[in-house]
Amino acid sequence: MAVECNDQWRNFLGKHELFVKLRQNVEAEVLRSNRTLNKNLFFCLDDDFFAWDEKNSVLYTTSLRNLNTENPELSDFKTLLCINPPLFEVDYLLVNPSQHYVALIGAKGLTVLALPKRWGKRSEFEGGKSKINCKTIPVAERLFTSSTSLVLRHAAWYPDESEEPHLLLLLGDNILRLYSLKDPHSPVRTLSLSQSEEQSMSNARGSSYTASLGEVAVAFDFGPLVEVSPVLLGQKGKANLFAYPLYILYENGETSLTYVSISHSNVNIGRLQGPLPMYPPAEDNYGYYACAILCLSHVPNVLVIATESGLLYHCVVLEAEEDDDQTVCNTCSNFVVPCYVVIWRTVYLLNCSLLF
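Computed from a predicted model, the values in this text were never measured in an experiment.

As for its placement among the helices and strands, Gln-273 is situated in the loop between strand E20 (266-269) and strand E21 (278-279). In this structure Gln-273 comes out as buried when scored by relative accessible area, which is 0%. Put simply, Gln-273 and Cys-339 are 66 residues apart on the chain and 9.7 Å apart in space, counted from C-alpha to C-alpha.

On to the packing of aromatic side chains. In the structure shown here, the tally under the stated rule is 12 aromatic pairs. Ring plane angle 80 degrees and centroid distance 6.4 Å describe the contact between Phe-222 and Tyr-244, whose orientation is recorded as edge-to-face. A residue pair is termed long-range when its members are at least 10 positions apart, and Phe-222 in strand E16 (residues 217-222) and Tyr-244 in strand E18 (residues 241-250) qualify at 22 residues. With respect to class, Phe-222 is no different from Tyr-244; both count as buried. Ring centres of Tyr-279 and Tyr-340 lie 5.4 Å apart, and the angle between their planes is 90 degrees; on these two criteria the pair is classed as edge-to-face. On the criterion of sequence distance, the pair formed by Tyr-279 in strand E21 and Tyr-340 in strand E25 (residues 339-348) is long-range, its members being 61 residues apart. Here the aromatic residues Tyr-158, Phe-220, Phe-222 and Tyr-244 are joined through ring pairs into a cluster of three or more.

This part covers the sheet that holds strand E13 (residues 166-171). Sheet strands pair by backbone hydrogen bonding; their relative direction is either parallel or antiparallel. The four strands are arranged E12-E13-E14-E15 in an open sheet whose pairing can be described as antiparallel. Among the strands making up the open sheet, the edge pair consists of strand E12 (152-157) and strand E15 (189-192). Between one strand axis and the next, the sheet turns through 15 degrees on average, direction left out of account.

Structurally, Thr-258 can be placed in strand E19 (residues 255-263). One polar contact links the side chain of Thr-258 to the main-chain carbonyl oxygen of Gly-270, over a distance of 2.7 Å. Once you skip the residues sitting within four places of it in the chain, Thr-258 turns out to touch Leu-191, Tyr-244, Pro-245, Leu-246, Ile-248, Ile-269, Gly-270, Arg-271 and Leu-272.

Here we come to the environment of Leu-181. With respect to the secondary-structure elements, Leu-181 resides in the loop between strand E14 (175-180) and E15. Linking Leu-181 and His-166, residues 15 residues apart in sequence, is a C-alpha distance of 6.3 Å. Filtering out sequence-adjacent residues up to four positions away, Leu-181 remains in contact with Tyr-101, Val-112, Ile-137, Val-139, Trp-157, Glu-164, Pro-165 and Leu-167.

Bringing the pairing of E18 into the picture now. Across the 10 residues of E18, eight count as buried, placing the element largely inside the fold. Looking at chain direction, E16 and E18 are connected through five bridges and run antiparallel. Along E18, the bridge assignment pairs Asp-221 with Tyr-247. When strand E17 (residues 226-228) meets E18, the two strands line up antiparallel, connected through three bridges. Bridging from a neighbouring strand, Val-226 pairs with Ala-243 of E18. Inspection of the sheet shows E18 paired to E19 by six bridges, in the antiparallel sense. Following the sheet pairing, Tyr-247 is matched in E19 by Leu-257.

Before going further, it helps to spend a moment on the nonpolar core. Formed by 24 residues in total, the largest nonpolar core has its most connected members in Tyr-247, Tyr-259, Ile-293, Leu-303, Ile-305 and Cys-315. Mapped onto this core, the elements with two or more residues apiece are E16, E18, E19, strand E22 (290-296), strand E23 (302-307), strand E24 (311-319) and E25. It is E24 that contributes the most residues to this core, four residues altogether. If we ignore the near neighbours within four places in the chain, the residues touching Ile-293 are Ala-219, Phe-220, Asp-221, Tyr-247, Leu-249, Thr-255, Leu-303, Val-304 and Ile-305. In terms of nonpolar packing, the next biggest core, distinct from the first, is built from 20 residues, Leu-168, Leu-193, Ile-248 and Ile-269 among them.

Procedures and definitions
- Residues numbered from 1 in each chain as written.
- Predicted model: local features only at pLDDT ≥ 70, side-chain atom pairs only at ≥ 80, totals over all residues.
- Heavy atoms only, no water.
- Helix = DSSP H or I, 4+ residues; strand = E, 2+ residues; numbered from the N terminus.
- Buried < 20%, exposed > 50% of the residue type's maximum accessible area, 1.4 Å probe, protein only.
- Phe/Tyr/Trp six-rings, centres within 6.5 Å; stacked < 30°, edge-to-face > 60°.
- Pairing = 2+ DSSP bridges.
- Axes fitted to C-alpha atoms, helices over the stretch in contact; angles between N-to-C directions.
- Polar contact = N/O pair within 3.5 Å; in protein donor to acceptor, adjacent residues only side chain to side chain.
- Contact = heavy atoms within 4.5 Å.
- Core = buried A, V, L, I, M, F, W, Y, C linked by side-chain atoms within 4.5 Å.

Right, dumping it as structure tokens:
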């Protein structure tokens, strides 16, 4: 966040009218629902702070730079209105790499809000209007409407900002779906994440059995761009391709890998590889109820795997040797897993429970 060295905005932000309004709405929601709210409804872009108001289905924004002046403006904020507001409860916000779109994500749906243009002396939205109507794009709306029991487990933007915006959705049926904002109703690619051939052919029938074994995918994260063989993307040819590794976490703690590449409207998702071998081995695979994964852009890549009980496993992803027989995937005959995971540190979050 590019703000001035003067940090007085930290003292005034909580007194801002925007926060006063949000605090009142949140307190009323907690009293009404009688439950603890676990949401991530704030983000910053440069000097601008954004906050989602669930009650009114609007996005507020204010400039942190204005709070660093001698006379901070505690009542100045803009309201971004949704032309087609989401009909589901929003749990977290996610900005795309080009910072032109904001994904409003909930368990029962996903809607994309297009941020308005900036102009004027101060480069404000719509020249400084107090209320602005914003285009909204529902993603997979028909799918969520027709399948009321379907739950969105995780969502993320494709990390390359130079291409047409794409969203990757992980749903409760153990299928990854890649959507383009050009056609948000139909996925351009899908990938079943079931860890056996039988479950892959009948996700609906085997979903409860798969869940009982912890073989349900719960989260994923992209790694940094790498050069890979076209075989890993299901393509023919000799020239290597550039793709983003996608690490997929299952509730039982296992991790699988695939590769995603989008280039000039050519969309490819590779074959599912895994589970990746984990060292040193453990009988319980380092515990169940894994809930989140984060890939840190180091060389080699570092994965952070979180469990609901508050454990953080720091893992190093290493390339497998060509003659290492243990890297052959059990679910894909004659298909070699190109890497394995080494756990080198465990962090215990005391008196803390991760709720996802």
